Amino acid sequence: MHWISKTIMNAQAVLDLVEEIGVLKNLPRTGWRFRGIKDAESVADHCYRVSFLSMLLADVLAKQGVQLDVEKVMRIALLHEVAEARIGDVPFPALEYIPEDVKEAGEKAAFRSMFEGFDTLLPKYTDLWEEFENGTSLEGKLVRAADKLELMIQVFEYEQLGYRSLDKFWTNAWNLKGFDDYALVREIMDLLVERRIQLSE
């Protein structure tokens, strides 16, 4: 009987958490709304492409001889925005008023509380999430770079649709953070800049 109740509890915890992160499907990336983009991508849209891009970058880099744990890269990518299901997407302009350490502490508390029903997995998932937040591993740094690169790809795609209020994304050094850690990421960003120049000609 004890085994059965434990199985039910685990099933309930999985279902509850998966339902909760479903919020990300309907949560728009707030920064786009600030720029007048009404039908902005959702956090889940962003997370899917970050995960795909992270996988692709990791596999290409591994073929080039970079020592990366691709499975770890994927886990970090899938976990990196989970806390936004509870605290929302805090846009960059808000950081002028909300200190970065306060935002980070809130995200960490939300993340930990979301996984509290998974006692044995909580430390593992927290460590992976912190590797992304703090850039303390090659895998964490790669996903951070993929996160920013996906953002800039999306900026370019919105500009292709005719939005002209996005110049600050290209001049904000925060959006280019970590690109020089991997030559491949820098090359992709340089190609993106070239395409943007062509778009404006």
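Nothing here was measured: the structure is a model prediction, and the numbers come from that model.

Draft legend 1. Structural view of the environment of Ala173. Residue position: Ala173 is located in the loop between α9 (167-171) and α10 (183-200). Judged by relative accessible area, Ala173 falls into the exposed class, the value being 59%. Separated by 113 residues in sequence, Ala173 and Val60 have C-alpha atoms that sit 26 Å apart.

Draft legend 2. Broad picture of the nonpolar core. With 51 residues, the main nonpolar core has Trp32, Phe111, Phe115, Leu142, Met152, Val155 and Val185 as its most contacted residues. Mapped onto this core, the elements with two or more residues apiece are α1 (2-21), α3 (43-63), α4 (70-79), α6 (100-114), α7 (122-134), α8 (138-160), α9 and α10. Excluding residues within four positions of it along the chain, Trp32 makes contact with Ile37, Ala40, Glu41, Leu151, Gln154, Val155, Tyr158, Leu166 and Phe169.

Draft legend 3. Geometry of α10. Helix length check: α10, at 18 residues, gives a terminal C-alpha distance of 26 Å against a target of 26 Å (1.5 Å per residue), a fit within 8%. For α10, every residue scored as buried is listed here: Leu184, Val185, Met189 and Leu192. Viewed along the axis of α10, the buried residues span an arc of 135 degrees, placing them on a single side of the element. Turned more than 90 degrees away from the buried face of α10, the exposed residues are Ala183 and Gln198. Its buried side turned inward, α10 meets α3, α8 and α9.

Draft legend 4. Geometry of a nonpolar patch on the surface. On the surface, Tyr48, Phe52, Leu56 and Val60 cluster together to form a nonpolar patch covering roughly 390 Å² of accessible area. Relative to the assigned elements, Val60 resides in helix α3.

Draft legend 5. Spatial organisation of the layout of surface pockets. Empty space within the largest pocket amounts to approximately 750 Å³. For the largest pocket, the lining is made up of 32 residues, of which Arg29, Val90, Phe92, Lys148 and Trp174 are closest to its centre. Mapped by element, the contributors of at least two residues to the lining of the largest pocket are α2 (30-34), α5 (84-87), α6, α7, α8 and α9. Its residues assigned to classes, the lining of the largest pocket shows 12 nonpolar, 6 polar and 14 charged. Its boundaries defined by the atoms lining it, the second largest pocket holds a volume of some 500 Å³. Forming the boundary of the second largest pocket are 17 residues, of which Ile21, Cys47, Leu78, Leu79 and Val82 lie nearest the centre. Contributions of two or more residues to the lining of the second largest pocket are made by α1, α3 and α4. The residue inventory of the lining of the second largest pocket, partitioned by class, reads 13 nonpolar, 2 polar and 2 charged.

Draft legend 6. Here's a closer look at the packing of α3 against α4. It is at 9 Å that the axes of α3 and α4 come closest, and there the two elements cross at 160 degrees. Considering the angle they form, α3 stands roughly antiparallel to α4. Handedness of the crossing formed by α3 with α4: right-handed. Mapping the contact onto sequence places Ser51, Ser54, Met55, Ala58 and Asp59 in α3 and Val70, Val73, Met74, Ala77 and Leu78 in α4.

The rules we used
- Chains are numbered independently. Their residues run from 1 in the order of the written sequence.
- In keeping with the model being predicted, local features are shown solely for residues with a pLDDT of at least 70 and side-chain atom pairs are shown and tallied solely at 80 or more, while totals for entire chains, interfaces and linings include all residues.
- Just so you know, side-chain values use all the structure's heavy atoms and leave hydrogens and water out.
- A run of H or I in DSSP becomes a helix once it reaches four residues, and a run of E becomes a strand once it reaches two; helices and strands are each numbered from the N terminus.
- Here the term buried applies to any residue with accessible area under 20% of the maximum for its type, exposed to any over 50%, and partly exposed to those in between, with areas from a 1.4 Å probe on protein chains only.
- Only buried residues count toward a nonpolar core, which is a set of Ala, Val, Leu, Ile, Met, Phe, Trp, Tyr and Cys residues joined through side-chain atoms within 4.5 Å.
- What makes two residues a contact is simply this: any of their non-hydrogen atoms within 4.5 Å.
- Each residue after the first adds 1.5 Å to the expected span of a helix.
- An arc is given here, and it is the one of the directions from the helix axis to the C-beta atoms.
- Distance thresholds for patches are 9 Å for like charges and 5 Å for nonpolar side chains (Val, Leu, Ile, Met, Phe, Trp, Tyr), applied to residues having over 30% relative accessible area and no salt bridge.
- The accessible surface values rely on the Shrake-Rupley method and a 1.4 Å probe; as for residues, cover is taken only from the protein chains in view.
- By convention in these notes, a salt bridge is any Lys or Arg side-chain nitrogen within 4 Å of a carboxyl oxygen on Asp or Glu.
- For each structure, a 1 Å grid was placed over the protein atoms alone; sets of points admitting a 1.4 Å probe that cannot get out are labelled cavities, open sets with protein on both sides within 12 Å along at least five of seven lines are labelled pockets, and lining residues have an atom within 4 Å of a point.
- Grid points are joined across faces, edges and corners, and a volume is the space filled by probe spheres set on the points.
- Gly is placed with the polar residues, together with every amino acid not listed as nonpolar (Ala, Val, Leu, Ile, Met, Phe, Trp, Tyr, Cys and Pro) or charged (Asp, Glu, Lys and Arg).
- The axes used here are C-alpha line fits, helices contributing only the stretch in contact, and every angle between their N-to-C directions lies in the interval 0 to 180 degrees.
- Any angle between 65 and 115 degrees counts as roughly perpendicular, while under 35 counts as roughly parallel, over 145 as roughly antiparallel, and the rest as oblique.
- Crossing handedness follows the turn of the near helix against the far one: under a right angle anticlockwise gives a left-handed crossing, and clockwise gives a right-handed one.

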